[in-house]
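Here is what each chain is made of, one letter per residue.
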Amino acid sequence: MSRTSGIHKYQRKTRLAVIAVAATAGLAGGAVTVTSAMAGPGAKPAAEASTRTGASHQEDRPAPIAAAPKNDTRRGMVYDGLTPAPKGDKCVGMYKLSEGDLCSHGPDAAPKGVDITKDAAPVVRNASAAAGSGSQVVCDGDGKKGNRVQVLYVHAPGQDRFAQYRASFKKWAADADVIYNESAKETGGSRHIRYVTDSDCTASVTNVEVPASALGDFDATNQAVTAQGHNRPDRKYVMFTDANLLCGIGTLTGDDRPGKDNRNNFGPSYARVDSGCWNGHVAAHELGHNLGAVNDSAPNSSKHGHCTDEWDLMCYSDAPGVEMRNVCQDRNHEERLDCHHDDYFSTAPQPGSYLATHWNTANSLFLIPDAAKGAGTGPAPKASHLTARSAVLTWKAVPSAKSYQIRLNGRDAGRSTSTTLRVTGLRAGTSYRATVSVRDRDGHTSRPGPTVTFRTPASS
Ligand SMILES: [Zn+2]
């Protein structure tokens, strides 16, 4: 899918000169098709092209969208339920949704070669196979409390494929997480999506049945899941929706202020990915909007929720006249966030730069910052089987751990991949302080956990 998407975008670039009429806000990877498919008879410009120019703040607002374009159902460009935001509204230039202050740039068109009427095939057969197939994500805390991204499977009555797809949803959630963390590594950091997780450290998937009519448009879907309690301020909902209506669509706020009280740090937010586009790439893109990408004030903003410096997961020509520049030339960077890390995601922005002074999605409270690198601590050990010269230390498993580092009196006493270690070479009748640190999959070592003191018996 990502490759198809990339090819699609590549072709679009060669056609930019002939774009005359296009729908307003298309989606990632899909905008290309807008240029070729929307120029036929009956196509109407959906909105005024924005004339905003500068990199100034919120006061430089775009013109309202005059009317939503005609639906193009073949490509998943369905505008039902989307209301163009009026002048003065927080969402002006985009569509306004019923829930909260949420906006949307509109549907993302299916990439070329993707038929939204053909469901993505399951990629993992069953839940028990999930753990061994790259489906694990980072477990943080109890997997439930605090800000979390929650994966929902949303379906109509009589069309429940939860059992068939549950393990695949977990895998796609993990694929999206890889995109975030690999992108963080480009600036020397680490960012994992803080999912609601199951005990095996895979993303938890909640099965949600809604009336069939609620699948007919994005706003109705959001209202239906809200009615079942999925509207928490500490949740962003990635909805794998069992429908062949859209490719992907997500809510965003347009708030570009730096700091913790930015609206992007609060839920509920909604990302909907339909069955023809079920994969980690589209899920990561829509979640990107939920986290606050890409603001209009960003240096390379398209002014419609995306960016113009390819290759980049969030960049594409999403409106007439939005020209793309090939800045990060590696096409694989289509699977990464923020080419040059100057528009919406950087773990290490330069002081005074745009991302140091505006909203930076890498600071989202829905991501795990620099996992285990000072964020977490290790478990408390217990000492047993004490002899004059040895002791056995045991501790509770930490799901994200690849191995454990044990220290005695602050000095390295060994490493274990299990939850026990026998330490030898001790002195009789001596007190020792023991701690355990966690080393995670990314090679980060946590702070030591609680210190436990034990004393070896005197030799006899
Ligand atoms: Zn988008």
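None of these values were measured; they are calculated from a predicted model.

**Considerations on the overall build of the protein**
And step 1. Helix and strand content of the protein: seven helices and 19 strands.
And step 2. When the 460 residues of the protein are sorted by exposure, 52% land in the buried category.
And step 3. Contacts in the protein between residues far apart in sequence, at least 24 positions, make up 69% of those at least 6 positions apart.

**A few points about the nonpolar core**
And step 1. Residues Val151, Ala173, Ala176, Met239 and Ala283 are the most contacted members of the largest nonpolar core, which totals 81 residues.
And step 2. With nine residues, helix α4 (residues 162–185) is the largest single contributor of residues to this core.
And step 3. If we ignore the near neighbours within four places in the chain, the residues touching Val151 are Phe169, Ala173, Tyr195, Ala203, Ser204, Val205, Val238 and Phe240.
And step 4. The next biggest cluster of nonpolar side chains, apart from the first, holds 13 residues, and it includes Ala401, Tyr404, Ala413 and Tyr432.

**Description of the confidence of the model for the protein**
And step 1. Residue-level pLDDT values for the protein average 84, and 83% of them are 70 or greater.
And step 2. For the stretch residues 1–59, pLDDT sits under 50, and the model shows 134 contacts to residues farther than four places along the chain or on other chains.

**Some details on helix α5 (residues 218–227)**
And step 1. Among all positions of α5, only Phe218, Asp219, Thr221, Asn222 and Val225 are buried. Looking down the long axis of α5, one finds its buried residues gathered within 160 degrees of arc, a one-sided arrangement.
And step 2. Looking at the buried positions of α5, the neighbouring elements they touch are β3 (103–104), β4 (148–155), β6 (205–209), β7 (235–241), β8 (248–250) and β9 (269–274).
And step 3. After α5 finishes, the residue Gly229 shows a positive phi value of roughly 90 degrees.

**Notes on the environment of Lys171**
And step 1. Counting through the fold element by element, Lys171 comes out in helix α4.
And step 2. A tally of 24 C-beta atoms within 10 Å means that Lys171 is categorised as buried.
And step 3. Placed 109 residues apart in sequence, Lys171 and Gly280 show a C-alpha to C-alpha distance of 7.9 Å.

**Describing helix α6 (residues 280–291)**
And step 1. In a regular helix each residue adds 1.5 Å, so twelve residues correspond to 16 Å; α6 covers 16 Å between its end C-alpha atoms and thus fits that length.
And step 2. α6 sits mainly inside the fold: twelve of its twelve residues count as buried.
And step 3. All of the buried residues in α6 are Gly280, His281, Val282, Ala283, Ala284, His285, Glu286, Leu287, Gly288, His289, Asn290 and Leu291.
And step 4. Just downstream of α6 lies Gly292, where phi reads positive at about 115 degrees.

**A look at the sheet that holds β3**
And step 1. Spatially, the three strands line up as an open sheet ordered β1-β2-β3, and their pairing is antiparallel. The sheet is open, and its two edges are formed by β1 (83–84) and β3, each paired on a single side.
And step 2. Sheet analysis places strand β2 (residues 95–96) next to β3, joined by two bridges and oriented antiparallel. Residue pairing across strands places Lys96 opposite Cys103, the latter belonging to β3.

**Describing the sheet that holds β6**
And step 1. Spatially, the five strands line up as an open sheet ordered β6-β4-β7-β9-β8, and their pairing is mixed. For this open sheet the edge positions go to β6 and β8, each flanked by a neighbour on one side alone. Neighbour to neighbour, the strand axes of the sheet diverge by 20 degrees on average, direction disregarded.
And step 2. Sheet analysis places β4 next to β7, joined by seven bridges and oriented parallel. Its bridge partner lying in β7, Arg148 is registered against Arg235.
And step 3. Where α4 meets the sheet, its contacts fall on β4, β6 and β7, and the angle it forms with β4 comes to roughly 150 degrees.

**Structural notes on the pairing of strand β18 (residues 431–440)**
And step 1. Burial analysis of β18 places eight of its ten residues in the buried class, the great majority of the element.
And step 2. In the sheet, strand β15 (residues 401–408) pairs with β18 via seven bridges, with the strands oriented antiparallel. Among the inter-strand pairings, Tyr404 is bridged to a residue of β18, identified as Val438.
And step 3. In the sheet, β18 pairs with strand β19 (residues 452–455) via four bridges, with the strands oriented antiparallel. Across the sheet, the residue bridging to Arg433 is Thr453, located in β19.

**As for unusual backbone geometry**
And step 1. In this structure, Val294 follows Ala293 across a cis peptide bond, with omega equal to -10 degrees.
And step 2. Within the fold, Val294 resides in the loop between α6 and β10 (309–310).
And step 3. Residue Trp311 follows Glu310 across a cis peptide bond; omega there is -10 degrees.
And step 4. Although it is not a glycine, His385 sits at a positive phi angle of roughly 50 degrees.
And step 5. Among the structural elements, His385 can be located in the loop between β13 (382–384) and β14 (391–394).

Definitions and cut-offs
- Residues numbered from 1 in each chain as written.
- Predicted model: local features only at pLDDT ≥ 70, side-chain atom pairs only at ≥ 80, totals over all residues.
- Helix = DSSP H or I, 4+ residues; strand = E, 2+ residues; numbered from the N terminus.
- Buried ≥ 20, exposed ≤ 12 C-beta atoms within 10 Å, placed from the backbone.
- Contact = placed C-beta atoms within 7 Å.
- Core = buried A, V, L, I, M, F, W, Y, C linked by C-beta atoms within 7 Å.
- pLDDT = per-residue confidence, 0-100.
- Arc of directions from axis to C-beta.
- Expected span 1.5 Å × (residues − 1).
- Pairing = 2+ DSSP bridges.
- Axes fitted to C-alpha atoms, helices over the stretch in contact; angles between N-to-C directions.

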